[in-house]
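Spelled out from the first residue to the last, the chains are:
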Amino acid sequence: MRTVEVIGVGMGNPRHLTQQAVDALRRVDAFFVLEKGSAADELAELRRDLCRAVIGTGDYRLVAVPDPPRDRSATAYAQAVEDWTAARGEVLLDTMEAHLEPGQTAGILAWGDPAFYDSTLRVLDGGRATGRLEVEVVPGISSIQMLAAAHRISLTRVGQPLQVTTGRRLAEEGFPPGCHDVVVMLDGACSFQHVDPGGVDIYWGADLGGPDQAVIAGGLGEVGDAILARRAEIRSRRGWVMDTYLLRRDVRHP
Ligand SMILES: C[S@@+](CC[C@H](N)C(=O)[O-])C[C@H]1O[C@@H](n2cnc3c(N)ncnc32)[C@H](O)[C@@H]1O
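Calculation criteria
Residues numbered from 1 in each chain as written. Predicted model: local features only at pLDDT ≥ 70, side-chain atom pairs only at ≥ 80, totals over all residues. Heavy atoms only, no water. UniProt positions renumbered as here; feature names shortened; annotations may be inferred. Domains from an automatic or database assignment. Contact = heavy atoms within 4.5 Å. Buried area = accessible area lost by both parts, 1.4 Å probe. Salt bridge = Lys/Arg side-chain N within 4 Å of Asp/Glu carboxyl O. Polar contact = N/O pair within 3.5 Å; in protein donor to acceptor, adjacent residues only side chain to side chain. Helix = DSSP H or I, 4+ residues; strand = E, 2+ residues; numbered from the N terminus. Pairing = 2+ DSSP bridges. Axes fitted to C-alpha atoms, helices over the stretch in contact; angles between N-to-C directions. Near = heavy atom within 4 Å. Areas by Shrake-Rupley, 256 points an atom, 1.4 Å probe, with all protein chains shown as cover. Nonpolar A, V, L, I, M, F, W, Y, C, P; charged D, E, K, R; others polar. Core = buried A, V, L, I, M, F, W, Y, C linked by side-chain atoms within 4.5 Å. Buried < 20%, exposed > 50% of the residue type's maximum accessible area, 1.4 Å probe, protein only.

- Identification of the protein chain as Precorrin-6A synthase (Deacetylating) from Acidiferrimicrobium australe is taken from an unreviewed UniProt entry.
- According to the UniProt record, the Pathway (unreviewed entry) comment for the protein chain reads "Cofactor biosynthesis; adenosylcobalamin biosynthesis."

Pasting the structure below:
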């Protein structure tokens with residue numbers, strides 16, 4: 001059996017790593033990187049830089065794992081994602097077994113924290129279930145925490161729930177019932193534009209913790225356009241942008 005360390009690495013800056021993550025990085029015999037293209041490849045490069053910075057030129061390997069193609073034409077979205085996840089798991093397991101002896105340790109670097117919108121742990125489920133892999137998780141600093149720190153706010157208000165959701169769901173469903181604080185991720189379409197701005201504040205952040213970090217906060221009606229403009233400017237300069245935001249509604253709002 002091989003062990004996989006799934007290591008949350010924050011936003012790519014070595015200073016985001018916990019000591020636990022540094023120890024885990026140094027234990028790993030080979031790192032496995034699923035290659036996807038475009039922005040994801042840039043993130044794969046950042047992960048390589050991180051290994052170099054923390055481990056130096058020591059005795060470790062980086063193994064690129066070709067990502068199997070995903071059927072984006074399928075109408076049954078959930079099933080298509082499940083099939084793709086299983087296919088990725090198989091490719092990953094085969095590659096690990098080809099590159100590591102039993103008893104050795106694989107490493108996968110998860111952007112931010114693997115608990116938030118990261119498929120790594122699901123991809124490894126098959127290997128765990130069949131006894132081919134032991135999985136260990138080292139938590140990392142998520143973009144959600146970076147967002148809160150950059151704005152110097154707590155994400156939760158006294159006795160109130162917080163929901164983490166996607167841009168697509170926000171656009172389709174609006175504020176979740178009974179919830180006045182929503183963190184939105186994976187939003188390439190600025191779905192806050194579909195929200196009634198009355199009584200709503202937004203705390204937005206792009207490239208949090210990175211060289212192009214941008215933050216804007218204020219009433220959604222007042223700063224929404226400024227966010228759109230800033231986001232478009234970063235995107236046109238770099239080709240991609242990762243952003244996340246908190247929408248906070250006045251709890252007395254109907
Ligand atoms: C696939 S999810 C991964 C989230 C990651 N596991 C985490 O804990 O932050 C990618 C989404 O995370 C958010 N994100 C990741 N890095 C970010 C950054 N540096 N600045 C702002 N948002 C970021 C964006 O909403 C992006 O669409």
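Some remarks on the domain arrangement of the protein chain
Next up, step 1: Domain assignment breaks the protein chain into domain 1 (2-141) and domain 2 (144-249).
Next up, step 2: Inter-centroid distance (C-alpha atoms) of domain 1 to domain 2 is 27 Å.
Next up, step 3: Taken together, the contact pairs 12 residues of domain 1 with 13 residues of domain 2.
Next up, step 4: In total, domain 1 and domain 2 occlude about 1000 Å² of area from one another, counting both sides; carbon and sulfur atoms represent 72% of this.
Next up, step 5: For the pair domain 1 and domain 2, the interface holds zero salt bridges.
Next up, step 6: On inspection of domain 1 and its partner domain 2, the count reaches zero residue pairs in polar contact (both at pLDDT 80 or more).
Next up, step 7: No other element matches helix α2 (residues 38-55), which puts three residues into the side of domain 1 that touches domain 2.

Considering the sheet that holds strand β2 (residues 30-35)
Next up, step 1: Within the open sheet, the five strands sit side by side as β3-β2-β4-β1-β5. Their pairing is parallel. Strands at the two margins of the open sheet, each flanked by one partner only, are β3 (61-66) and β5 (133-138). For this sheet, the mean inter-axis angle between neighbouring strands, taken without regard to orientation, is 30°.
Next up, step 2: The pairing of strand β1 (residues 2-8) with β5 spans six bridges and is parallel. Of the residues in β5, the one forming a bridge with Glu5 is Glu136.
Next up, step 3: Where helix α1 (residues 19-27) meets the sheet, its contacts fall on β1, β2, β4 (105-110) and β5, and the angle it forms with β1 comes to roughly 145°.
Next up, step 4: The sheet contacts of helix α3 (residues 77-99) involve β1, β2, β3, β4 and β5, and relative to β3 the element is tilted by about 145°.

Points about the site of the ligand
Next up, step 1: Residues in close proximity to the ligand total 16 residues, the closest being Trp111, Phe116, Ser142, Ser143 and Asp243.
Next up, step 2: Within the backbone of Trp111, one N or O atom sits 2.8 Å away from a nitrogen atom of the ligand.
Next up, step 3: Backbone polar atom of Phe116 to a nitrogen atom of the ligand: 2.8 Å apart, as the coordinates give it.
Next up, step 4: For the ligand, whose free accessible area comes to 560 Å², the fraction covered by protein is 90%.
Next up, step 5: Considering only residue class, the shell around the ligand consists of eight nonpolar, five polar and three charged.

Focus: the nonpolar core
Next up, step 1: Among the nonpolar cores identified, the biggest contains 21 residues, and Phe192, Ile202, Trp204, Tyr245 and Leu247 are the most heavily contacted of them.
Next up, step 2: Mapped by element, the contributors of at least two residues to this core are β7 (181-185), β8 (200-206), β9 (214-219), α7 (220-238) and β10 (243-249).
Next up, step 3: In this view, Phe192 contacts Leu170, Asp187, Ile202, Leu220, Gly224, Ile227, Leu228, Tyr245 and Leu247; residues no more than four positions away in its chain are not counted.
Next up, step 4: Membership of the second largest hydrophobic core comes to 17 residues, among which are Val4, Leu100, Ala106 and Val123.

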